[in-house]
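One-letter residues, chain by chain:
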Amino acid sequence: MLARPATFAMVGVSPNPVRPSNYVARYLARRGYRLQAVNPGHAGTEMFGAVCVAGLSDLHEAPDVIDIFRRPEAVPAIVDEALSLYPSLRGIWLQIGIVSPESERLCAQAGVAIVQDRCPKIEHQRLFGELRMGGFATGIVSSKLPR
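Here the residue numbers are simple positions, counted from 1 along each chain's written sequence. Under the rules for a predicted model, residues below a pLDDT of 70 receive no local features and side-chain atom pairs below 80 are neither given nor counted, while totals for whole chains, interfaces and linings still include all residues. Side-chain metrics in this entry use all non-hydrogen atoms of the structure; hydrogen atoms and water are not considered.

Peer 1: Tell me about the overall build of the protein chain, residues and numbers included.
Peer 2: We count a stretch as a helix when DSSP gives it H or I for four or more residues in a row; a strand needs E for two or more, and each element gets its number in order from the N terminus. Helices and strands together make up the secondary structure of the protein chain, namely five helices and seven strands. Reading the protein chain from its N end, one meets helices and strands in the order β-α-β-β-β-β-α-β-α-β-α-α. When a residue's accessible area, from a 1.4 Å probe over protein chains only, is under 20% of the maximum for its type it is buried; when over 50% it is exposed; and in between it is partly exposed. Here the protein chain, with 147 residues, has 44% of them falling under the buried criterion. Long-range pairs, those at least 24 residues apart, make up 58% of the contacts in the protein chain with a sequence separation of at least 6. Any two residues whose heavy atoms approach within 4.5 Å at even a single point are treated as in contact.

Shown next, in the form of C-alpha coordinates:
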(Lines give C-alpha, C1' and ligand atoms only; values in the text may rest on other atoms or scores of the structure.)
Protein backbone atom coordinates (compact mmCIF):
# COMPACT_ATOMS: atom_id res chain seq x y z
CA MET A 1 0.00 0.00 0.00
CA LEU A 2 2.88 2.35 0.64
CA ALA A 3 5.01 1.46 -2.38
CA ARG A 4 2.63 2.92 -4.99
CA PRO A 5 1.19 6.43 -5.12
CA ALA A 6 -2.04 6.49 -3.19
CA THR A 7 -4.87 8.61 -1.93
CA PHE A 8 -5.49 8.06 1.77
CA ALA A 9 -8.85 8.87 3.36
CA MET A 10 -7.92 9.67 6.95
CA VAL A 11 -10.97 8.82 9.08
CA GLY A 12 -10.83 10.59 12.43
CA VAL A 13 -8.03 12.99 11.48
CA SER A 14 -7.60 15.99 13.77
CA PRO A 15 -6.47 19.54 13.00
CA ASN A 16 -4.63 19.51 16.35
CA PRO A 17 -0.89 19.17 15.52
CA VAL A 18 -0.13 17.14 18.68
CA ARG A 19 -2.63 14.40 17.83
CA PRO A 20 -1.18 11.28 16.18
CA SER A 21 -3.76 11.47 13.39
CA ASN A 22 -2.48 14.92 12.48
CA TYR A 23 1.22 14.18 12.41
CA VAL A 24 0.73 10.87 10.59
CA ALA A 25 -1.34 12.67 7.95
CA ARG A 26 1.20 15.51 7.74
CA TYR A 27 4.03 12.98 7.26
CA LEU A 28 2.16 11.13 4.49
CA ALA A 29 1.32 14.41 2.73
CA ARG A 30 4.99 15.43 2.81
CA ARG A 31 5.93 12.10 1.26
CA GLY A 32 3.67 12.68 -1.74
CA TYR A 33 0.51 10.81 -0.74
CA ARG A 34 -2.76 12.58 -1.44
CA LEU A 35 -4.98 12.96 1.64
CA GLN A 36 -8.70 13.27 2.19
CA ALA A 37 -9.71 14.31 5.71
CA VAL A 38 -12.83 12.69 7.19
CA ASN A 39 -14.13 13.88 10.56
CA PRO A 40 -17.71 15.05 11.24
CA GLY A 41 -16.52 17.34 14.04
CA HIS A 42 -14.24 19.27 11.68
CA ALA A 43 -16.18 19.14 8.40
CA GLY A 44 -15.52 22.25 6.34
CA THR A 45 -12.07 22.82 7.85
CA GLU A 46 -9.16 22.77 5.43
CA MET A 47 -6.56 20.14 6.28
CA PHE A 48 -3.60 19.01 4.17
CA GLY A 49 -4.76 20.86 1.06
CA ALA A 50 -8.36 19.64 1.05
CA VAL A 51 -11.59 20.44 2.84
CA CYS A 52 -12.46 17.96 5.57
CA VAL A 53 -15.73 16.08 4.99
CA ALA A 54 -18.15 14.59 7.53
CA GLY A 55 -18.17 11.02 6.24
CA LEU A 56 -16.82 8.61 3.66
CA SER A 57 -19.87 9.10 1.45
CA ASP A 58 -18.99 12.82 1.17
CA LEU A 59 -15.64 12.21 -0.54
CA HIS A 60 -15.43 13.63 -4.06
CA GLU A 61 -13.27 10.79 -5.38
CA ALA A 62 -12.59 7.21 -4.39
CA PRO A 63 -9.61 6.76 -2.06
CA ASP A 64 -7.07 3.97 -2.49
CA VAL A 65 -6.63 3.38 1.24
CA ILE A 66 -8.82 4.11 4.26
CA ASP A 67 -6.68 4.93 7.34
CA ILE A 68 -8.81 4.72 10.49
CA PHE A 69 -8.12 6.64 13.70
CA ARG A 70 -11.16 5.52 15.67
CA ARG A 71 -11.92 3.24 18.61
CA PRO A 72 -11.94 -0.49 17.79
CA GLU A 73 -15.70 -0.81 18.32
CA ALA A 74 -16.38 1.83 15.63
CA VAL A 75 -14.12 0.19 13.02
CA PRO A 76 -16.35 -2.59 11.57
CA ALA A 77 -19.11 -0.14 10.58
CA ILE A 78 -16.55 2.17 8.92
CA VAL A 79 -14.94 -0.75 7.07
CA ASP A 80 -18.34 -2.08 5.94
CA GLU A 81 -19.31 1.38 4.62
CA ALA A 82 -15.94 1.83 2.88
CA LEU A 83 -16.15 -1.55 1.18
CA SER A 84 -19.68 -0.86 -0.08
CA LEU A 85 -18.87 2.68 -1.29
CA TYR A 86 -15.49 1.97 -2.90
CA PRO A 87 -15.24 -1.44 -4.62
CA SER A 88 -11.81 -0.55 -6.06
CA LEU A 89 -10.34 0.11 -2.61
CA ARG A 90 -6.74 -1.16 -2.27
CA GLY A 91 -6.63 -1.37 1.50
CA ILE A 92 -7.80 -0.61 4.99
CA TRP A 93 -5.27 0.57 7.56
CA LEU A 94 -5.94 0.33 11.30
CA GLN A 95 -3.64 2.34 13.52
CA ILE A 96 -1.49 1.13 16.41
CA GLY A 97 -3.65 -0.46 19.10
CA ILE A 98 -6.58 -1.14 16.76
CA VAL A 99 -7.37 -4.75 15.87
CA SER A 100 -10.71 -5.82 14.45
CA PRO A 101 -11.33 -9.49 13.60
CA GLU A 102 -14.73 -8.55 12.15
CA SER A 103 -13.12 -5.99 9.83
CA GLU A 104 -10.48 -8.54 8.86
CA ARG A 105 -13.27 -10.95 7.88
CA LEU A 106 -15.09 -8.25 5.87
CA CYS A 107 -11.88 -7.35 4.02
CA ALA A 108 -11.07 -11.00 3.31
CA GLN A 109 -14.55 -11.50 1.81
CA ALA A 110 -14.08 -8.40 -0.37
CA GLY A 111 -10.51 -9.28 -1.38
CA VAL A 112 -9.16 -6.06 0.13
CA ALA A 113 -5.90 -5.92 2.06
CA ILE A 114 -6.03 -4.90 5.71
CA VAL A 115 -3.21 -3.78 8.00
CA GLN A 116 -3.93 -3.81 11.72
CA ASP A 117 -2.11 -2.42 14.76
CA ARG A 118 0.46 -0.55 12.66
CA CYS A 119 1.15 3.04 11.70
CA PRO A 120 1.76 4.00 8.04
CA LYS A 121 4.23 6.69 9.15
CA ILE A 122 6.37 4.20 11.08
CA GLU A 123 6.05 1.56 8.36
CA HIS A 124 7.01 4.05 5.66
CA GLN A 125 10.06 5.11 7.65
CA ARG A 126 11.01 1.47 8.28
CA LEU A 127 10.50 0.27 4.71
CA PHE A 128 12.12 3.23 2.97
CA GLY A 129 15.15 3.61 5.22
CA GLU A 130 14.29 6.70 7.23
CA LEU A 131 14.44 4.94 10.61
CA ARG A 132 17.97 3.76 9.87
CA MET A 133 19.10 7.41 9.67
CA GLY A 134 17.80 7.87 13.22
CA GLY A 135 19.84 4.95 14.52
CA PHE A 136 17.08 2.33 14.59
CA ALA A 137 17.79 -1.24 13.48
CA THR A 138 15.14 -1.86 10.82
CA GLY A 139 15.99 -5.46 10.00
CA ILE A 140 16.52 -4.49 6.35
CA VAL A 141 19.93 -5.32 4.94
CA SER A 142 21.12 -2.66 2.53
CA SER A 143 24.38 -1.63 0.94
CA LYS A 144 23.31 2.00 1.17
CA LEU A 145 24.97 4.08 3.84
CA PRO A 146 23.07 7.04 5.31
CA ARG A 147 24.38 10.40 4.17
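Peer 1: Go over the environment of F69 with me, naming the residues and quoting the values.
Peer 2: Tracing the chain through its elements places F69 in the loop between β5 (65-68) and α2 (75-85). Sequence-distant contacts of F69, that is, excluding residues within four places in its chain, are made with M10, V11, G12, P20, S21, V24 and Q95.

Peer 1: Can you lay out the pairing of β5 for me, pointing to particular residues and giving the numbers?
Peer 2: Along β5, one buried face is formed by V65 and D67 and the opposite face, lined by I66 and I68, is buried too. Summarising the sheet, strand β1 (residues 7-11) and β5 pair through four bridges and their orientation is parallel. By the bridge assignment for β5, M10 is matched with D67. Of the pairings in the sheet, the one linking β5 to strand β6 (residues 91-94) comprises four bridges and is parallel in character. Opposite I68, over in β6, you have L94 as the bridge partner. Strands are labelled as partners when DSSP assigns at least two bridges between them.

Peer 1: Give a detailed account of unusual backbone geometry, specifying residues and quantitative values.
Peer 2: In this structure, F48 takes a positive phi of about 55 degrees despite not being glycine. In this fold, F48 is placed in the loop between β3 (46-47) and β4 (50-51). With a relative accessible area of 29%, F48 lands in the partly exposed category. Within the chain, D117 stands out as a residue other than glycine whose phi angle is a positive 60 degrees. Tracing the sequence through the fold places D117 in the loop between β7 (113-115) and α4 (120-127).

Peer 1: Can you explain the environment of I122? Please cite residues and give values.
Peer 2: Mapping I122 onto the fold places it in helix α4. Here the alpha-carbon distance between I122 and Y27, two residues 95 residues apart in the chain, equals 9.9 Å.

Peer 1: An account of the side chain of H124 is requested, with residue identities and associated values reported.
Peer 2: Structurally, the position occupied by H124 is in helix α4. For H124, a relative accessible area of 8% translates into the label buried. For H124, the contacting residues outside a window of four places in its chain are L2, Y27, R31, Y33 and E130.

Peer 1: Run through the packing of aromatic side chains, naming residues and quoting values.
Peer 2: Only rings of Phe, Tyr and Trp enter the pairing, Trp through its six-membered ring, and a pair is recorded when the two centres are within 6.5 Å. The plane angle decides the type: under 30 degrees is stacked, over 60 is edge-to-face, the rest tilted. Under the counting rule described, the total for this entry stands at one aromatic pair. Ring geometry for F8 and Y33: centres 5.4 Å apart, planes at 85 degrees, overall edge-to-face. Here F8 is found in strand β1, whereas its partner Y33 is found in the loop between α1 (20-30) and β2 (34-38), with 25 residues between them in sequence. Across this residue pair, the class does not change: F8 and Y33 are buried. Charge over a ring is defined by NZ of Lys or CZ of Arg lying within 6 Å of the ring centre and within 35 degrees of the ring normal. Sitting over the face of the ring of Y27, K121 holds its NZ or CZ atom 5.4 Å from the ring centroid.

Peer 1: Can you explain the pairing of β2? Please cite residues and give values.
Peer 2: Along β2, four of the five residues are buried, which leaves the element largely enclosed by surrounding structure. Pairing of β1 with β2, which is carried by five bridges, proceeds in the parallel orientation. Looking at β2, one finds that F8 is bridged to L35. A crossover connection joins β1 to the parallel β2 through α1; in handedness this β-α-β unit is right-handed. With the strands pointing away from the viewer, any crossover whose connection runs clockwise from the first strand over the helix to the second is right-handed.

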